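Examination of the molecular architecture
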Amino acid sequence: MKTLLCALCVLISTNLLAEEYVFEAGHPSLKEWLLPAEVPTPDDNPLTKEKIELGKMLFFDPRLSGDGNMSCGTCHSPLFGWSDGQATARGHKSMVLGRASPVITNTAYNDIQMWDGREQTLEDQSIGPMRNSAEMNMDIPKLVQFLKSSDYQQHFKNAFGSDEIGVEQIAKALASFERTVVSRNSPFDAWVRGDKNALTEQQIRGFKVFVDPKKGNCAVCHSAPNFTDNGFHNLGLASYGNENPDLGRYTQRPLKLMKGAFKTPTIRDITLSAPYFHDGSANTLDEVVEHYAKGGVVKDNLSPNMKALNLTEQEKLDLVAFMESLTTPRKEFVLPILPL
């Protein structure tokens, strides 16, 4: 009941805000869509150059997996918008997993992690895939021993000021690197800051559809500033009609409303990370919009925020054009040189 009331409160709040927007470049009513210039960072893990560099090495090192053949960057690759370009992830010995690899873009701004929200912080999340036998399948004591006996020793000492190497230091380094994977300089951001030429007329129309509760109603879940409410919703995907569907958040919080509910992903940099949805069932943004337009496929236990949309074909195109404006121009990414 509490979850339902929260969802309704968000809906009402978003509707009121949508009515107050002035769709002009740089207008103060739009400023809530700008992300803070500094990412949230816990007091016990301040960002430092040394920790970020160490975390980057660990993130791309396949020796952190049981077979020594896959890294965090295998499933969260800069080549595929920090996902893997597959419908669902591949794990230990190429096992096909049930969920798509979530992007790590802007996860620093989230207050809960993973499709089912089973981890609260990036530090908590970072070790999970290594321990998971279906994913990286790494023996953690063995990993710690490897790090202590390799040239990683000096990098850990530079990052943490001591010779100690353990799960805590690994998690903090990985989380530090992940906090640098940020998207907040898209054409949309430039328009909100005042650049009149940053968006096309079509993209502005699409933004209007996006926030209009009587049209796209997208902002009720993909809310400001990171285009996510950090909440969980059953979107009525066809896969929920399977004989034994993935129950998502329900496995963590056994409430009826959470059956088949998954975390709202950010749609910043959305053009870089197809396929879409937790089951990878949509290949294009057009398919995503069509799914929402018909109010989902499986109506059982549908999120209260889901409803069929009254959109013209032009409005659908405008909506896709707007989402395309949320991608920050890509820069060259340099892989680290790994310690021996």
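Residues numbered from 1 in each chain as written. Predicted model: local features only at pLDDT ≥ 70, side-chain atom pairs only at ≥ 80, totals over all residues. Heavy atoms only, no water.

**Regarding the side chain of Arg179**
- Mapped onto the secondary structure, Arg179 falls in the loop between α7 (167-178) and α8 (187-193).
- At 3.4 Å, the side chain of Arg179 forms a polar contact with the backbone oxygen of Pro40.
- A distance of 2.8 Å separates polar atoms of two side chains, one belonging to Arg179 and the other to Glu123. (Helix = DSSP H or I, 4+ residues; strand = E, 2+ residues; numbered from the N terminus. Polar contact = N/O pair within 3.5 Å; in protein donor to acceptor, adjacent residues only side chain to side chain.)

**A closer look at the packing of helix α9 (residues 201-211) against helix α11 (residues 313-324)**
- Orientation of α9 relative to α11, taken along the N-to-C sense of each, is 100 degrees, at an axis distance of 7 Å. Here α9 is positioned roughly perpendicular relative to α11, judged by the angle of their axes. Residues Gln202, Gln203, Arg205, Gly206, Phe207, Val209 and Phe210 of α9 form the contact with α11, whose participating residues are Gln314, Glu315, Leu317, Asp318, Leu319, Ala321 and Phe322. (Axes fitted to C-alpha atoms, helices over the stretch in contact; angles between N-to-C directions. Parallel < 35°, antiparallel > 145°, perpendicular 65-115°, else oblique. Contact = heavy atoms within 4.5 Å.)

**Comments concerning the nonpolar core**
- Grouped together as the largest cluster of nonpolar side chains are 35 residues, with contacts concentrated most on Trp33, Phe188, Trp191, Phe207 and Phe210.
- Contributions of two or more residues to this core are made by α8, α9, α10 (285-293) and α11.
- Here this core gets five residues from one element, more than from any other, and that element is α9.
- Each residue touching Phe207, except ones within four places of it in the same chain, is listed here: Phe23, Leu30, Trp33, Phe188, Trp191 and Phe322.
- Counting residues in each nonpolar core, the second largest holds 29 residues, with Leu58, Phe60, Ala171 and Leu174 among its members. (Core = buried A, V, L, I, M, F, W, Y, C linked by side-chain atoms within 4.5 Å. Buried < 20%, exposed > 50% of the residue type's maximum accessible area, 1.4 Å probe, protein only.)

**Focus: the pattern of salt bridges**
- Counted by the stated rule, this structure contains 14 salt bridges.
- Across the salt bridge formed by Asp116 and Arg118, the nearest N and O atoms sit 3.0 Å from each other.
- Put simply, Glu123 and Arg179 hold a salt bridge, and the shortest N to O gap is 2.8 Å. Separated by 56 residues along the polypeptide, Glu123 in helix α4 (residues 122-131) and Arg179 in the loop between α7 and α8 bring together distant segments of the chain.
- The class of Arg179 is buried, set by a relative accessible area of 6%.
- One continuous salt-bridge network, built from bridges that share partners, spans Arg99, Asp116, Arg118 and Asp246. (Salt bridge = Lys/Arg side-chain N within 4 Å of Asp/Glu carboxyl O.)

**Focus on the environment of Lys263**
- Its place among the elements puts Lys263 in strand β2 (residues 262-263).
- On a C-alpha basis, the gap between Lys263 and His233 in space is 6.6 Å, while along the polypeptide they are 30 residues apart.
- Setting aside its immediate chain neighbours within four residues, Lys263 contacts Asn110, Ile112, Met114, Trp115, Thr228, Asn230, Gly231 and Phe232.
- Within polar-contact distance, the side chain of Lys263 engages the side chain of Asn230 at 3.1 Å.

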